[in-house]
Amino acid sequence: MPSERQVGHTMLCLTPSGFSEHRRAIRLCQDQFENLEKHTQWGIDFVERYTKFVKERSEIELNYAKQIRNLSKKYQPKKNAKEEEESKYTWCRAFFTSLNELNDYAGQHELIAENMTSQIIAELTRYIQDLKSERKTHFQDGRKAQQHIENSWKQLEQCKRNFERACKEADRAQQYFEKMDADYNVTKADVEKARQQAQLRHQMASDCKSEYSNYLQKFNQEQTEHYHTLIPNIFQKIQDMEERRIERVGESMKTFAEVDRQILPIVGKCLDGMTKAAEGIEPKTDSAQVVESYKSGFEPPGDVEFEDYGQAMKRTVSETSLTNSRSESKPDKSSKGKKLFFFKKNKLSLKLVSMCLK
């Protein structure tokens, strides 16, 4: 019980600097969570962007393979007699072989698109959903921990204000009691009443002190656990999540290259096939085929003999006189027939004779 002259009390509370540091710590923790939320969201956006990039690359590979197949099909030999003719020549067969190899080459690019879809796009799409769910859980836990420490802080401040108010009321009651006790004009009953009121306020202050002290101890334990255990664990989980995300992106980039590398042996074989077909072209054999196809089978003609038209001219001039031949009577039918035959058969000889007569 307090004495009649003095009702003492002691205030147990955090110093102003302690409360200020705690406010800064809470605010700093909130800022850190906001920064991490932005960074991890940017990381997820990057994975989605990279997935879109691989998807577009896959579409390009499919379109390229389709165009290569169409090109190969367009220049394939038609099913007609000309195909049989073309197949005889090594340069035609080499081209047809190259078309077939080109068709296989297109198949490898289709395989690239298929592997990228199954090994990268599908995997990253599922991983992004898991990543979003894990990120949501970590930040929910972080916000829950932050909310709890903030609520505890508000409760501590309320206990502090209650204790502070109780102490002030106890001081006023103590001063009033001392005033009444010093006044000899006041009745004993009034002094006793003031004393009891002072004791009541002192008890209330003592109760608030105990409540504040207990909650302060509880808060300090929670704060220690919050900043030394809960928040570090959450940050560590976020860091582990981020490291796994980065590692997953690296693995996907490696797979992106490996998918291309896996088809190189087959592509090399296709190109080797084209090269071998080109090296198998035989110009001499093809030209011999042309000769065999278009040879006539006829022997070349012999030399053209010289036709001596001069002998006929000399014979005509020496056999008869030109003057007598003019004065001769008409020839009989038999001689006429002979001249007509000569005329028909030897027109050139007759012309030469006429020139000589002139």
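Being a predicted model, the structure only gives us computed values, none of them experimental.

**Q** Would you mind going over the overall build of the protein with me for this structure?
**A** Summing up its helical and strand segments, the protein has nine helices and zero strands in all. N-terminal to C-terminal, the α/β element order of the protein is α-α-α-α-α-α-α-α-α. Here the protein holds 358 residues, and the buried ones make up 28% of them. Put simply, 91% of the contacts in the protein that link residues at least 6 apart link residues at least 24 apart. Surface accessibility of the protein: about 25200 Å² in total, with carbon and sulfur atoms responsible for 54%.

**Q** Where do I start with the nonpolar core in this structure?
**A** Nonpolar side chains in soluble globular proteins generally cluster together in the buried interior. If you look at the biggest cluster of nonpolar residues, it comprises 32 residues, and the most contacted ones within it are Phe33, Tyr50, Val54, Met116, Ile120, Ile238 and Phe256. Going through the elements one at a time, helix H1 (16-74), helix H3 (90-182) and helix H4 (188-279) are the ones with two or more residues in this core. Judged by nonpolar contacts, the second largest core, of 15 residues, contains Ile26, Cys159, Tyr215 and Leu216.

**Q** How should I be thinking about the packing of aromatic side chains in this particular structure?
**A** The description of two aromatic rings rests on the distance between their centres and on the angle between their planes. Here the structure, examined in full by the defined rule, presents nine aromatic pairs. Relative to Tyr105, the ring of Tyr64 has its centre 6.4 Å away and its plane inclined at 80°; by these criteria the two rings are edge-to-face. A residue pair is termed long-range when its members are at least 10 positions apart, and Tyr64 in helix H1 and Tyr105 in helix H3 qualify at 41 residues. Its relative accessible area of 33% is what places Tyr64 among the partly exposed residues. Measuring from ring centre to ring centre gives 5.8 Å for Trp153 and Phe219, while their planes differ by 45°; the resulting arrangement is tilted. Of this pair, Trp153 sits in helix H3 while Phe219 sits in helix H4, and the two are 66 residues apart along the sequence. Summarising the burial analysis for this pair, Trp153 and Phe219 share the class buried. Among the aromatic residues, those joined into a ring-pair cluster are Phe33, Phe139 and Phe235.

**Q** Honestly, a nonpolar patch on the surface in this entry has me stumped. Any pointers?
**A** On the surface, a cluster of nonpolar side chains totalling about 280 Å² of accessible area is made up of Leu71, Tyr75 and Phe95. When you line up the elements, Tyr75 lands in the loop between H1 and helix H2 (81-86). On the basis of relative accessibility, which here comes to 42%, the residue Tyr75 falls in the partly exposed class.

**Q** Before we go on, may I ask you to explain the pattern of salt bridges in this structure?
**A** Two side chains that carry opposite charge are able to pair once their charged atoms sit near each other. The full count for this structure, using the stated rule, is 15 salt bridges. Put simply, Lys168 and Glu164 hold a salt bridge, and the shortest N to O gap is 3.7 Å. With Lys168 and Glu164 both in helix H3 and four residues apart, the pair spans about one turn of that helix. Overall, Lys168 belongs to the partly exposed group, its relative accessible area being 46%. We classify Glu164 as partly exposed; its relative accessible area is 28%. Among the charged side chains, a salt-bridge network with shared partners connects Arg57, Glu61 and Asp260.

**Q** Even after reading the chapter, I still don't get the environment of Asn70, so can you show me in this structure?
**A** Counting through the fold element by element, Asn70 comes out in helix H1. Once the C-alpha coordinates of Asn70 and Asn103 are considered, the two residues, 33 residues apart in sequence, prove to be 8.8 Å apart.

**Q** Hey, could you run me through the packing of H3 against H4 in this one?
**A** Angle between the axes and distance between the axes are the two parameters that describe a pair of packed helices. For the pair H3 and H4, interaxial distance at closest approach is 7 Å and the crossing angle is 170°. Between H3 and H4, the crossing angle belongs to the class labelled roughly antiparallel. Grouping the constituent residues of the contact of H3 with H4 by class yields 47 nonpolar, 21 polar and 21 charged.

**Q** Would you mind going over the side chain of Asp286 with me for this structure?
**A** Locating Asp286 in the fold gives a position in helix H5 (residues 283-294). At 5.7 Å, Arg93 is the nearest oppositely charged side chain to Asp286, a buried residue that forms no salt bridge. Of note is the side chain of Asp286, whose polar atom sits 3.4 Å from the side chain of Trp91. When residues no more than four places from it in sequence are discounted, the contact partners of Asp286 are Lys88, Tyr89, Thr90, Trp91 and Ile281.

**Q** Would you mind showing me how to read the environment of Ala122 here?
**A** Along the chain, the position of Ala122 falls in helix H3. A relative accessible area of 27% places Ala122 in the partly exposed class.

**Q** Any chance you could explain the confidence of the model for the protein here in plain terms?
**A** Low pLDDT means the predicted atomic positions in that stretch should not be read closely. For the protein, per-residue confidence averages 83 on the pLDDT scale, and 80% of positions sit at 70 or higher. Low pLDDT (under 50) marks residues 325-330, which in the prediction has one contact with non-local residues, meaning those over four places away or in another chain. This model gives residues 333-358 a pLDDT under 50, and the stretch forms 12 contacts once residues within four places in sequence are excluded.

About the thresholds
- Residues numbered from 1 in each chain as written.
- Predicted model: local features only at pLDDT ≥ 70, side-chain atom pairs only at ≥ 80, totals over all residues.
- Heavy atoms only, no water.
- Helix = DSSP H or I, 4+ residues; strand = E, 2+ residues; numbered from the N terminus.
- Buried < 20%, exposed > 50% of the residue type's maximum accessible area, 1.4 Å probe, protein only.
- Contact = heavy atoms within 4.5 Å.
- Areas by Shrake-Rupley, 256 points an atom, 1.4 Å probe, with all protein chains shown as cover.
- Core = buried A, V, L, I, M, F, W, Y, C linked by side-chain atoms within 4.5 Å.
- Phe/Tyr/Trp six-rings, centres within 6.5 Å; stacked < 30°, edge-to-face > 60°.
- Patch = residues over 30% accessible without salt bridge, like charges linked within 9 Å, V, L, I, M, F, W, Y side chains within 5 Å.
- Salt bridge = Lys/Arg side-chain N within 4 Å of Asp/Glu carboxyl O.
- Axes fitted to C-alpha atoms, helices over the stretch in contact; angles between N-to-C directions.
- Parallel < 35°, antiparallel > 145°, perpendicular 65-115°, else oblique.
- Nonpolar A, V, L, I, M, F, W, Y, C, P; charged D, E, K, R; others polar.
- Lys, Arg positive; Asp, Glu negative; His and termini not counted.
- Polar contact = N/O pair within 3.5 Å; in protein donor to acceptor, adjacent residues only side chain to side chain.
- pLDDT = per-residue confidence, 0-100.

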